[in-house]
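Results of the structural survey
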Amino acid sequence: MHAVIPVAGYGTRLRPHTYTIPKVLLNVAGKPILAHILDALIRHQIERVTIVIGHMGEQIQQYVRMHYSQLTCDFVVQHEPLGLGHAIWCARTSFGTEPVFIILGDTIFDADLKALLQIPTSAIGIKAVDDPRRFGVVEVSGGMVVRLIEKPSEPPSNLAIVGLYVIRNTPLLLECLEHLIMRHTTTKGEFQLTDALQCMVEHGEQIAAFPVEGWYDCGKPETLLETNRFLLARNTQAVAPPCDSVVLPPSYVAPTAIVERSVIGPYATVGEGAIIRDSRIQNSIVGAGASVIAAVLDGSLIGNNAIVNGSFHSLNVGDSSQINYA
Ligand code: UTP
């Protein structure tokens, strides 16, 4: 099975962080989002991966080449993020007629991937959600997908597509994608994978609906922090507390971070080389090389090499930052 991970989007909802770091390289629970995905692929013996890059793609290539030399990984450039369907179209020559396993680059799963990969037909991950209008939505009958609609204003069900797709009939997928692209058929301004899958169903493709309970989105600040909390709680491991500080589990403190006279956690991730002094940090992610001095942080995302000094008396923040005093 050949995996394709599209990561060419701008990650606008995570600005200002994504002005300088691609979304998939943001740290969650001690390692980049992409590393959680690649580690899961390695655990399932999937060793051929195509990553569709765009915006700041060279950082992603460099990271993968440095840390995942055991994977046979190639990179395809999507010059403009014209939609998920278009991203997969850009990767077409890398997988040819082989079955393909598509995983969105900003989603971490806690799912039985082995069971998903053993399904003999095509299959997509689905989950019941409260407000399906923001997602691709499926209608299911007897465990099989009978209709797919991208971000419907009147959803036919509450079953959202969660970003895991196993496509067996790749020639048909490519035919449907080509059809959309040649006719400039977009939904909400993008070439949608959902629309191509609907075309496949109309051409008789059997697509099983695979329920996924553990679906952890990393696309927005609040969901990134939620995913951080979940992963820290799941992988809880003792962190050696610095002598004059306290680390409340679950938390992750990189071995090269310097922590002095502080209380870290619960649910805090502190990146490599960060410096934390006289501070209280919980439910937050502090990037590599950042300094947090005499501050109280809760529900915060602090970028790499950022400086937070004092209890919000002096702020030096980038475009689109959010500051919540409450
Ligand atoms: P999203 O729409 O959630 O990510 O796409 P985004 O566009 O990066 O984020 P926002 O909406 O601007 O905040 C889901 C995944 O599909 C990839 C994204 O990089 C992300 O991993 N994608 C999306 C592409 O590779 N190309 C596209 O044209 C669109």
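So, here's what we can say about the structure. This is a predicted model, so every value here is computed, not measured.

**Observations regarding the overall build of the protein**
- On a plain count of helices and strands, the protein comes out with nine helices and 25 strands.
- The globule rule puts the C-alpha radius of gyration for 326 residues at 20 Å, and the 21 Å found for the protein is close to it.
- In terms of overall dimensions, the protein has C-alpha extents of about 65 × 45 × 35 Å along its principal axes.
- Out of the 326 residues belonging to the protein, those deemed buried represent 52%.
- Considering only residue pairs separated by 6 or more positions, the protein has 57% of its internal contacts joining residues 24 or more positions apart.
- Accessible area of the protein: about 15,000 Å², with a carbon and sulfur share of 50%.

**So, the packing of aromatic side chains**
- Here the structure, examined in full by the defined rule, presents three aromatic pairs.
- Ring centres of Tyr 63 and Tyr 68 lie 6.3 Å apart, and the angle between their planes is 55°; this geometry places the pair in the tilted category. With respect to burial, Tyr 63 and Tyr 68 carry one shared label: buried.
- Where Phe 135 meets Trp 215, the ring centres are 5.5 Å apart and the plane angle is 65°; that geometry is what we call edge-to-face. Taken together, the residues span a long stretch of sequence, with Phe 135 in the loop between β8 (122-128) and β9 (136-141) and Trp 215 in strand β13 (residues 214-217) at a distance of 80 residues. In terms of burial, Phe 135 and Trp 215 fall into one category: buried.
- Cation over ring: Arg 92 sits above Trp 89, and NZ or CZ is 4.0 Å from the ring centre.

**Looking at the site of the ligand**
- The environment of the ligand is formed by 17 residues, the closest being Ala 8, Gly 9, Thr 12, Gln 78 and Gly 83.
- Here an oxygen atom of the ligand sits 3.1 Å away from a polar atom, N or O, in the side chain of Asp 106.
- Here the ligand, which alone exposes 560 Å², has 83% of that area covered by the protein.
- Placement of the ligand is best described as lying within the largest pocket.

**Some details on the environment of Ile 285**
- Turning to its location among the elements, Ile 285 is positioned in strand β21 (residues 284-286).
- Separated by 257 residues in the primary sequence, Ile 285 and Val 28 place their C-alpha atoms 7.2 Å from one another.
- Ignoring anything within four residues of it in the chain, the contact list for Ile 285 reads Asn 27, Val 28, Leu 224, Leu 225, Asn 228, Thr 269, Ser 300, Leu 301 and Ile 302.

**Regarding the sheet that holds strand β18 (residues 268-270)**
- The sheet built from four strands is open, its strands ordered β15-β18-β21-β24 with parallel pairing. Edge positions in the sheet fall to β15 (251-253) and β24 (301-302), since each has one partner strand and no second.
- Where β21 lies against β24, two bridges are found, and the strand directions are parallel. Paired with Ile 285 across the bridge in β24 is Leu 301.
- Its contacts with the sheet put helix α9 (residues 221-234) on β15, β18, β21 and β24, and the angle it makes with β21 is roughly 90°.

**Structural notes on helix α3 (residues 57-67)**
- For α3, every residue scored as buried is listed here: Gly 57, Ile 60, Tyr 63 and Val 64. Looking straight down α3, one finds that the buried residues subtend no more than 125° of arc, so they occupy a single side. Facing away from the buried surface of α3 by more than 90 degrees, the exposed residues are Glu 58, Gln 62, Arg 65 and Met 66.
- Where α3 is buried, its residues touch β3 (31-32), α2 (33-43), β4 (48-53) and β5 (72-77).

**Topic: the sheet that holds strand β20 (residues 280-282)**
- A sheet is described by the order of its strands in space; here four strands give the open sequence β14-β17-β20-β23, paired in parallel fashion. Of all strands in the sheet, those with a lone pairing partner are β14 (246-247) and β23 (296-298), marking the two edges.
- Bridging between strand β17 (residues 263-264) and β20 involves two bridges; their strand directions are parallel. Each bridged residue has a counterpart across the sheet, and for Ile 264 the counterpart in β20 is Ile 281.

**A short note on the packing of helix α7 (residues 170-182) against helix α8 (residues 193-202)**
- It is at 9 Å that the axes of α7 and α8 come closest, and there the two elements cross at 120°. By the angle class used here, α7 and α8 are oblique. Like other packed secondary-structure pairs, α7 and α8 cross with a definite hand, here right-handed. Side by side, α7 and α8 meet where Leu 172, Leu 173, Cys 176, Leu 177 and Leu 180 of the first sit next to Leu 193, Asp 195, Ala 196, Leu 197, Cys 199 and Met 200 of the second.

**Some words on the nonpolar core**
- Core analysis: the biggest nonpolar cluster contains 57 residues, and Ile 51, Val 64 and Phe 101 have the highest contact counts within it.
- With seven residues, the top contributor of residues to this core is α2.
- With 36 residues, the next largest nonpolar core counts Phe 95, Leu 172, Leu 173 and Phe 191 among its residues.

Criteria and thresholds
Residues numbered from 1 in each chain as written. Predicted model: local features only at pLDDT ≥ 70, side-chain atom pairs only at ≥ 80, totals over all residues. Heavy atoms only, no water. Helix = DSSP H or I, 4+ residues; strand = E, 2+ residues; numbered from the N terminus. Rg over C-alpha atoms; globule rule 2.2 N^0.38 Å. Buried < 20%, exposed > 50% of the residue type's maximum accessible area, 1.4 Å probe, protein only. Contact = heavy atoms within 4.5 Å. Areas by Shrake-Rupley, 256 points an atom, 1.4 Å probe, with all protein chains shown as cover. Phe/Tyr/Trp six-rings, centres within 6.5 Å; stacked < 30°, edge-to-face > 60°. Lys NZ or Arg CZ within 6 Å of the ring centre and 35° of its normal. Near = heavy atom within 4 Å. Polar contact = N/O pair within 3.5 Å; in protein donor to acceptor, adjacent residues only side chain to side chain. 1 Å grid on protein atoms, 1.4 Å probe; cavity = no way out; pocket = protein on both sides within 12 Å on 5 of 7 lines; lining within 4 Å. Sits in = over half its atoms within 2 Å of the grid points. Pairing = 2+ DSSP bridges. Axes fitted to C-alpha atoms, helices over the stretch in contact; angles between N-to-C directions. Arc of directions from axis to C-beta. Parallel < 35°, antiparallel > 145°, perpendicular 65-115°, else oblique. Left-handed = near helix turned anticlockwise from the far one by under 90°. Core = buried A, V, L, I, M, F, W, Y, C linked by side-chain atoms within 4.5 Å.

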